[in-house]
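# Results of the structural survey
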Amino acid sequence: MQRYYIMKDYLRKVISTSLAQFDINEEDIPEIQIEKPNQPEHGDAASNIALNLASILKNSPRKIADQIVESLEYEANKIDTVEIAGPGFINFRYAENYLFDELNNILEEGERFGKSSALDGQRILVEYVSANPTGPLTVGHGRNAVLGDTIANLLEWTGAEVDREYYFNNAGRQMRVLGQSVKARYLQELGQEVDLPDDGYEGEYIRDIAKALIDEHGEELIDSDNITPFKEKAEQVIFEDIQETLQRMDIEMDAFFNEQEVYDDGSIDKVVETLREKDLAYDEDGATWFKTTEFGKDKDTVLIKSSGEPTYRLPDIAYHVNKLERGYDQCIDVFGADHIDTYPDVLSGLDAMGYDKSKVDVVVYQFVTIVKEGKPFKMSTRKANFVTLDDLMDEVGSDVTRFFFEMRDPNTHLEFDIAEAKEAGDKNPVFYLQYAHARIHSILRKVEQEYSFDAKAKLSLLTHESETELMKSLIRFPEMIQSAARSHEPHRLINYLDDLASAFTSFYHDCRILGEEKELVQARSALAKATAQVLANGLGILGISAPEEM
RNA sequence: GCGCCCGUAGCUCAACUGGAUAGAGCAACUCCCUUCUAAGGAGUAGGUUACAGGUUCGAGUCCUGUCGGGCGUGCCA
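Below: a short report on this structure. (Residues numbered from 1 in each chain as written. Chains lettered and ligands numbered in written order. Predicted model: local features only at pLDDT ≥ 70, side-chain atom pairs only at ≥ 80, totals over all residues. Heavy atoms only, no water.)

Bringing the environment of Tyr205 into the picture now. As for its placement among the helices and strands, Tyr205 is situated in helix α7 (residues 204-217). Taking the relative accessible area as the measure of exposure, Tyr205 reaches 14% and is therefore buried. Measuring from C-alpha to C-alpha, the distance between Tyr205 and Asp215 comes to 15 Å, with 10 residues separating the pair along the chain. (Helix = DSSP H or I, 4+ residues; strand = E, 2+ residues; numbered from the N terminus. Buried < 20%, exposed > 50% of the residue type's maximum accessible area, 1.4 Å probe, protein only.)

If you want it as structure tokens, here you go:
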């Protein structure tokens, strides 16, 4: 018999069975939604199915609810009561035994608790960071990196096989300007009076790269017209720097994909060829255009400039073809709002070439504003007045950095207040979670010193309201992971963990552990231990440490 | 001009993707440390969910329009 670790799934199944009594086509049956009601008097879970069926069955919601409930077959050790309330909601209350069973389950599953098989067999590619090696990662890249990494973690926890990929471009204009900037600094360091190129990179790191070149080559590059050595050195140094920064946040990519590959293997040419065959590409003014107007855009788009150089859209399309050809069931791209206009072209390109564009999913995140001393801080990589990710982590550490990037809906602007993030106390929500975890371990250490247990904990002693609430919060963990994974919204997990920590804190204040009857100590210790486990698992997904002492 | 995103408490944000009485954290005010970590807790106050219509049993959430903010609208990436 299958176990239903997620109560929602169980209730959905139970209701679905009962719906067989109605004479409706399968495809007309609305999705069975199970929710956690806001009001505690509405029970632990509720379904609006009767309301949604009302118009289809042409009957009153309450009557439909009556019929559903009457024929509802459920296990008494899972569900205690079923009630119809309000306009026709069906409200369920969990049985105590169910909570105890689940608590045991959490302790048995341990660090695996929360994993599910919802996406079993799915191969998913998450592409993120994808910053070109022109400078240190900025806070904007930070949001990208953390979102991508956390979404990848969430997908893994729901059973998917995930690859993490970093796409970059080390050719083209940007890199040329970078090389020229390094060369200018190199010459300056050697005493020549030269200016940075227009639009050159002004950051201090350019000078460092120039100095490294002097250490290695002395003056031997001084007369060279070739900027390649400057470009290559810059790329190498900057990439090392980027990797170090990512490692600080515990981010490790599975692969780095060089845009050059889709030039070298001819896939770019193939894209253009195919589009031409389908009459979706044409030549004009010496350039090659993609008929994006066919896909609802105002203008057609240049694929190959009159200089013969492709625009970024073309390799982007080829790269996505490449991903799909590798057999991924889903490709997730994480990128900032400034790229919002480019991905419809990529999707159109895929579509035109006969690929299933619904396999590509884009997580767009809005910009990050750094607030320093109460004032917003405007940034630009080229002008070098940015706050780098490293700067940020030097100030607040990796845990806080990750947390702040994860705590908000990706689709809203994020205000990162350095002062607030640095505050080690009240204002800083990440400490609230870590503190709850540390506090539990502190108690458990004392319990271990003072008691020895041989029997299984008698969980039925957990009857206090705070204990019940804590258990109910704990068992929601797996479904919260699924919800965060499905929506690609890590902040949902944060909101949940915050609720959980707050439920624990109530328990902590209402129910002492140390000094109570031995059996009660044991039962409450089990509950505390399960809470620490869920907090640790959740923080682990977020890439945030769960210290046992603070 | 056009396209995308956003507008919720004084501030920063939630609200399980259309559900029942919109919730937290800061900030403010009143309390609580001989008690397992007070980096905490209990409470008070704070709202016409920008505005105006519409869709339906039901709207912060969906559609239309208006206003305000961000981003884009390159033969830049």
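From this point, things continue past the structure.
Quick look at helix α6 (residues 172-189) now. For α6, built from 18 residues, the straight-helix expectation of 26 Å at 1.5 Å per residue is met to within 8% by its first-to-last C-alpha distance of 26 Å. Taken residue by residue, α6 has Met175, Val177, Leu178, Gly179, Ser181, Val182, Lys183, Ala184, Arg185, Tyr186 and Leu187 as its buried positions. Of the surrounding secondary structure, the elements contacted by the buried residues of α6 are α7 and α8 (228-248). (Expected span 1.5 Å × (residues − 1). Contact = heavy atoms within 4.5 Å.)

Now for the sheet that holds strand β11 (residues 330-336). Strands sit in the order β7-β6-β5-β11-β12 across an open sheet of five strands; the sheet is parallel. Each having just a single partner strand, β7 (255-258) and β12 (360-365) make up the two edges of the open sheet. For this sheet, the mean inter-axis angle between neighbouring strands, taken without regard to orientation, is 25°. Here strand β5 (residues 123-127) pairs with β11 via four bridges, running parallel. Each residue of the ladder has a partner; that of Leu125, found in β11, is Cys331. Along the sheet face, helix α5 (residues 139-157) touches β5, β6 (161-168), β11 and β12 and points at about 160° away from the line of β6. (Pairing = 2+ DSSP bridges. Axes fitted to C-alpha atoms, helices over the stretch in contact; angles between N-to-C directions.)

Everything listed here is a matter of geometry and, on its own, says nothing about what the molecule does.
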